[in-house]
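Remarks on the overall topology
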Amino acid sequence: MKVVTAGIGLRAGHVLSILKEAMPEVAFVGYYDPQPTHLEMIGTDTPRFDDVEGMLAATKPDLFFVGSPNSFHLEHIKIGLKAGVRIFTEKPVVTTKEDTMELAALLAEHGTNSVMVGLVLRYSQHMVDLRAVLDQLGPVVSLEANEHIGPYHGAFFMRDWRRMIKWSGGFMLEKCCHDIDIYNMVTGSRPNKVASFGGRKSFVPEFSPTSNTENEIMHRKKSVWESIDDPFRSDGDIIDHQTAILHYENGASLAFHTNLNVPDEHRRFCVMGALGMAEGDFVRGHLKATARDGTVLADHDYTQMDAARASAHYGADHMMVDDIVAFLTGKTDSLPVGVVDALEAGLAAMAIDEARITGQIVDLTDTWTEFDSYGLRA
């Protein structure tokens, strides 16, 4: 199994190193990255190439990993599709509505199975167990959810290349597309109207650290490419808090909140159905589902998960790689999430930011009509 990558930062190196553990026959035969930062994770002897096209032509890989900054994804995916190679791309797949539609046209030509995506929450044990009881909750009526990340992580976003919308697509797309995707899955629907409010109030000069301890926290997570040093005087244009309200095509609704400066992190969800409810937290490690009459349908404690596996996306990184290996080796013919799901979550995230910026409710009806015209769900 010959594997190449465009981008070898921390995320790409981490996923590829797990892939090598799960599939020892993997050989890393090339990488493209003008500024590699974690080459040791795939082997410092891996050949370096000056461009993606030349790398694919020279190596003829079995798998092309797209781990470059988000704004470069479409360019690299297009080259991979033209070369006829199987692709795995990190999320978000693309950063604009225009790029989404361009890729949709390419997928209509090349097939949706040609691109796999790294939306890891779909692979998590939380979602495996939630899917097992979802039908017992009845039609989903409403949801509330959040993604609250610690100051060390928020400061990373304000220092890293992800701080710039032109590279990342914005925080809602870059970080929360995972969440939007799983709630699309839970509702079995897509949002048709969204509203949103948010801005930047924590990572501003007046709240700069006043102690060495706090300053160390703000630099705990390292950044390299296009990074800056001070998250409180950042030139970035992403938000540090945002609230969104989503209305789905099937009538369900979601209230979602994200904040980048929460010392006691959590990533909670509560799903209310006509016949029951399910409540869980990825960070705090639990899931409980309860029927309308009070019967407990499921009660899971994930806090005792193997520490080595649990350290990355609540164990979902390893589960994702295990499923991908099974898919690549023909042991399964499907994955829990596909590129179409990812593009739909991305379009929803973009609409949420449009609503925040304009102060208007955004109607996605025309967006879905255009997207569906490519027939990717057929």
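The model shown is predicted, which means the values in this text are computed figures rather than measured ones. (Residues numbered from 1 in each chain as written. Predicted model: local features only at pLDDT ≥ 70, side-chain atom pairs only at ≥ 80, totals over all residues. Heavy atoms only, no water.)

**Considerations on the pairing of strand β8 (residues 241-248)**
The side-chain alternation of β8 yields one buried face, formed by Q242, A244, L246 and Y248, and one unburied face, formed by H241, T243, I245 and H247. The antiparallel hairpin formed by β8 and strand β9 (residues 253-259) contains four residues in its connecting segment, where G251 sits at a positive phi of about 100°. (Buried < 20%, exposed > 50% of the residue type's maximum accessible area, 1.4 Å probe, protein only. Helix = DSSP H or I, 4+ residues; strand = E, 2+ residues; numbered from the N terminus. Pairing = 2+ DSSP bridges.)

**Focus: the pattern of salt bridges**
A full pass over the atoms with the stated rule returns 22 salt bridges. Where D230 meets R233, a salt bridge forms, and the shortest distance between an N and an O atom there is 3.0 Å. With a relative accessible area of 25%, D230 lands in the partly exposed category. Across the pair R377 and E344 runs a salt bridge, and its minimum N-O distance is 2.7 Å. Of the two residues, R377 is situated in the segment after α14 (365-372) and E344 in helix α13 (residues 339-358); the sequence distance between them amounts to 33 residues. On the accessibility criterion, E344 (5% relative accessible area) is buried. Overlapping salt bridges bring together R122, D181, R190, E249, D341, E344, D372 and R377 as one network. (Salt bridge = Lys/Arg side-chain N within 4 Å of Asp/Glu carboxyl O.)

**So, the packing of aromatic side chains**
Under the definition given, this model contains 10 aromatic pairs. The interplanar angle of 70° and the centroid separation of 6.2 Å between the aromatic rings of W161 and W225 together place this pair among those described as edge-to-face. Highlighted residues: W161 in the loop between α6 (151-159) and α7 (165-168) and W225 in the loop between α10 (212-218) and β8, separated in sequence by 64 residues. W161 sits in the buried class, given a relative accessible area of 9%. W225 sits in the partly exposed class, given a relative accessible area of 25%. Judged by centre distance (5.1 Å) and plane angle (35°), the ring pair of F203 and F232 falls under tilted. Highlighted residues: F203 in the loop between β7 (191-199) and α10 and F232 in the loop between α10 and β8, separated in sequence by 29 residues. (Phe/Tyr/Trp six-rings, centres within 6.5 Å; stacked < 30°, edge-to-face > 60°.)

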